[in-house]
Amino acid sequence: MAIKRQVWKEKFGDWYREIIDTAKIIDYRYPIKGCGVWLPYGFKLREHVLSVIRGFLDGAGHNEMLFPTLIPEDLIAKESTHIKSFEEEAYWITHGGKNELSVKLALRPTSETAITPMVKLWVRSHADLPLKIYQIGSIFRYETKATRPLIRVREVTTFKEAHTFHVSHEEARAQVLAANDIYAKIFYELCVPYVVSERPSWDRFAGALSTFAFDTIFPDGRCLQIGTSHDLGQNFSKVFDLTFEDLDGKHDFVWQTSYGISERAIAAVIAIHGDDRGLVIPPKIAPIQVIVVPILYKGFEEQINSECQHVEKTLSQEGVKVEIDDRSKVTPGAKFYEWESKGVPLRIEIGPRDVEQGKITLARRDTGEKIPCKRGSLSLVGKTLTEIEDNLRNRAWKVMENNISTTGDLTEAKRMLNKEGGIVEVPWCGQAACGQQIEGEVDARVLGLPVGVSEAVSGICPCCGKKGDRRIRVARTY
Ligand code: ZN
């Protein structure tokens, strides 16, 4: 089986919508635009992604909590840039039953204004800091543009937001970088490649001193933001009078950060690893890692079935998520097709010849390769799952790296973005006016300054002609 990725790439938008439907991830026929139902298979995928996220946050000293979904308008309105950014797209509750509420309530668009005033009740002195918490829940945005599964929705059902509180700006800054390291580990596990950029001053989170973002490139060449981290400085603590007493008994405002990952991480997993046959899910987060398909043949039914059960039992004892597809009214061919479209990383076929020869056949979803495996050598399954994971990660990183280019010529940059999409790095003097002019001329968005890139760069800013010591990334984005 040769792996084709033509439809996946050339008709990506259609492919993406279709696969979310046919692989039974989410059903978007719910009667509110941009709201969908997580189906059992999709829900399991979501759970596994969340357990990766939880694992790294818990491991780095964060505690999970849960705040109310409703935020009173007067709290949101306290931070002026914050309300400006969210009031147009927030959902507002104005009535309780027939009574008009004296204070409107927002369905949370994000939680800084819900969390900070509560933390004020819990933090007294430096001994209470740092405080690192997170929650996973729904956020709501009144999207008026066309919605897109898991990418632009009205209820983001899976929003992980972490909030941290510190005694100094230095410590808060270090926490933002630590958050970026945590995200790198999460995306490593999801096999999703990324670049980290510091967003330009005109595109920061409302109320932040600086914003970092993880972006990945989709098969259609457009970029998707898959994670952000913010240095909030003392903006929110000043507004909500959140102070602490330091070692010398002096009071100062608390320094804050926040960082979020949404179900867009799941969108990236779906989009990046797929091919013309459908999903390809990295083994660690796959709802089913191995599907066993009996190839029944007259006279061999009992032997084949008992061999399938032996394989299932042995593998599940080893912690492999394995299932047997023993539906009698579905042909093996139809089963292959279905599990391939659902992205199960490994299929095991067991037919009469396999039973006779004391072997089974492994079929890799990522490469189509068929591997004979001796009955007693089922450890080959675990090894193959690891190889699949490595292959998906390496393949995705290679595609991503091939889609990043550099030019100082804006006509050329625009031509590249029109043709292949991806990310183009352009020399920049550092002035916002020039950055915004670049956005206009190439008809794309500035992702920001590369982070974690050590090479020294220089070039001439294409807008003002001044020598620049940095580049900014531009891309067409979702
Ligand atoms: Zn310039």
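Placed above this text is the structure.
Residues numbered from 1 in each chain as written. Predicted model: local features only at pLDDT ≥ 70, side-chain atom pairs only at ≥ 80, totals over all residues. Heavy atoms only, no water.

K.L.:
An account of the nonpolar core is needed here, citing residue identities and associated values.
P.N.:
Nonpolar side chains in soluble globular proteins tend to be buried together. Ranked by size, the top nonpolar core spans 57 residues in total, and within it Tyr-16, Ile-25, Leu-150, Phe-187, Leu-190, Phe-218 and Ile-270 carry the most contacts. If you tally residues by element for this core, the top one is helix H9 (residues 264-273), at 8 residues. Shared between two domains, this core holds at least three residues of each, these being domain 1 (5-273) and domain 2 (288-386). Filtering out sequence-adjacent residues up to four positions away, Phe-187 remains in contact with Val-192, Tyr-194, Phe-214, Ile-226, Ile-261 and Ala-265. Val-280, Val-290, Val-292 and Ile-348 belong to the second-largest nonpolar core, a separate cluster that totals 23 residues. (Core = buried A, V, L, I, M, F, W, Y, C linked by side-chain atoms within 4.5 Å. Buried < 20%, exposed > 50% of the residue type's maximum accessible area, 1.4 Å probe, protein only. Helix = DSSP H or I, 4+ residues; strand = E, 2+ residues; numbered from the N terminus. Domains from an automatic or database assignment. Contact = heavy atoms within 4.5 Å.)

K.L.:
Tell me about the coordination of the zinc ion, and name the residues and values.
P.N.:
By definition of the ideal shapes, a tetrahedral metal site with four donors has angles of 109.5 degrees and an octahedral site with six donors has angles of 90 or 180 degrees. In the first shell of the zinc ion, the protein supplies Cys-429 (SG), Cys-434 (SG), Cys-461 (SG) and Cys-464 (SG), at 2.2 to 2.4 Å from the metal. Taken in chain order, the donor set of the zinc ion reads C-x4-C-x26-C-x2-C. Placement of Cys-434 in helix H15 (residues 432-442) and of Cys-464 in the loop between strand E23 (459-460) and strand E24 (467-468) is noted, with a sequence separation of 30 residues between them. Here Cys-434 falls in the buried class, since its relative accessible area comes to 7%. Residue Cys-464 is classed as partly exposed on the basis of its relative accessible area of 34%. (Donors = N, O, S within 2.8 Å, 3.2 Å for Na, K, Ca; no water.)

K.L.:
Provide a residue-level description of the sheet that holds strand E18 (residues 359-364), including the pertinent values.
P.N.:
What the 5 strands build is an open sheet, ordered E16-E15-E17-E18-E19; its pairing is mixed. Both outer strands of the open sheet, strand E16 (322-324) and strand E19 (370-374), are each paired with one neighbouring strand and no more. Neighbouring strand axes in the sheet, compared pairwise and without regard to direction, differ in orientation by 25° on average. Sheet topology note: the strand E15 (residues 290-294)/strand E17 (residues 346-350) ladder contains 5 bridges and is parallel. Bridge pairing in E17 places Val-292 opposite Ile-348. Helix H11 (residues 332-341) contacts E15 and E17 of the sheet and is inclined by roughly 170° relative to E15. Across the sheet, helix H13 (residues 379-401) lies against E15, E17, E18 and E19, angled at about 10° from E18, the strand it touches most. (Pairing = 2+ DSSP bridges. Axes fitted to C-alpha atoms, helices over the stretch in contact; angles between N-to-C directions.)

K.L.:
Give me the packing of aromatic side chains: which residues, what numbers.
P.N.:
Using the criterion set out here, one finds 15 aromatic pairs in the structure. Seen in terms of ring centroids, Tyr-194 and Trp-397 are 5.1 Å apart; in terms of plane orientation they differ by 75°. Their pairing is edge-to-face. One end of the pair, Tyr-194, is in the loop between helix H7 (169-189) and strand E9 (195-198); the other, Trp-397, is in helix H13, with 203 residues separating them in the sequence. Taking the centre distance of 6.2 Å and the plane angle of 55° together, the rings of Tyr-297 and Phe-300 count as tilted. Looking at Tyr-297, the relative accessible area reads 52%, which means it is exposed. For Phe-300, a relative accessible area of 19% puts it in the buried group. The rings of Tyr-183, Phe-187, Tyr-194, Phe-214, Tyr-259 and Trp-397 are connected pair by pair, giving a single aromatic cluster. The ring centre of Trp-8 lies 3.8 Å from the NZ or CZ of Arg-5, which sits over that ring. Against the face of Trp-38 rests Arg-46, its NZ or CZ located 5.8 Å from the ring centre. (Phe/Tyr/Trp six-rings, centres within 6.5 Å; stacked < 30°, edge-to-face > 60°. Lys NZ or Arg CZ within 6 Å of the ring centre and 35° of its normal.)

K.L.:
Tell me about H7, and please be specific about residues and values.
P.N.:
Its 21 residues place the ends of H7 31 Å apart at the C-alpha level, agreeing with the 30 Å of an ideal helix rising 1.5 Å per residue. Within the span of H7, buried status applies to Ala-172, Gln-175, Val-176, Ala-179, Asn-180, Ile-182, Tyr-183, Ile-186, Phe-187 and Glu-189. Among the residues trailing H7, Cys-191 stands out with phi positive, at a value near 60°. (Expected span 1.5 Å × (residues − 1).)

K.L.:
Please give an account of the pairing of strand E22 (residues 445-450) that cites residues and values.
P.N.:
Two elements, E9 and E22, share 2 bridges in a ladder whose sense is antiparallel. For Ser-197, the partnering residue across the bridge sits in E22 and is Pro-450. Pairing of E22 with strand E25 (residues 470-475) involves 3 bridges; the strand directions are antiparallel. Looking across to E25, one finds that Gly-448 is bridged to Arg-473.

K.L.:
With reference to specific residues and values, describe the sheet that holds strand E5 (residues 91-96).
P.N.:
The strand order across the open sheet built from 3 strands is E4-E6-E5, with neighbouring strands paired in antiparallel fashion. On the outer flanks of this sheet lie strand E4 (70-72) and E5, each paired with one strand and no other. The sheet shows a mean angle of 45° between the axes of neighbouring strands, direction not considered.

K.L.:
Describe the pattern of salt bridges, and please don't skip the residues or the numbers.
P.N.:
Summed over all chains, the structure comprises 33 salt bridges. Through salt bridges with shared partners, a single network forms among Glu-189, Lys-284, Glu-389, Asp-390 and Arg-393. (Salt bridge = Lys/Arg side-chain N within 4 Å of Asp/Glu carboxyl O.)

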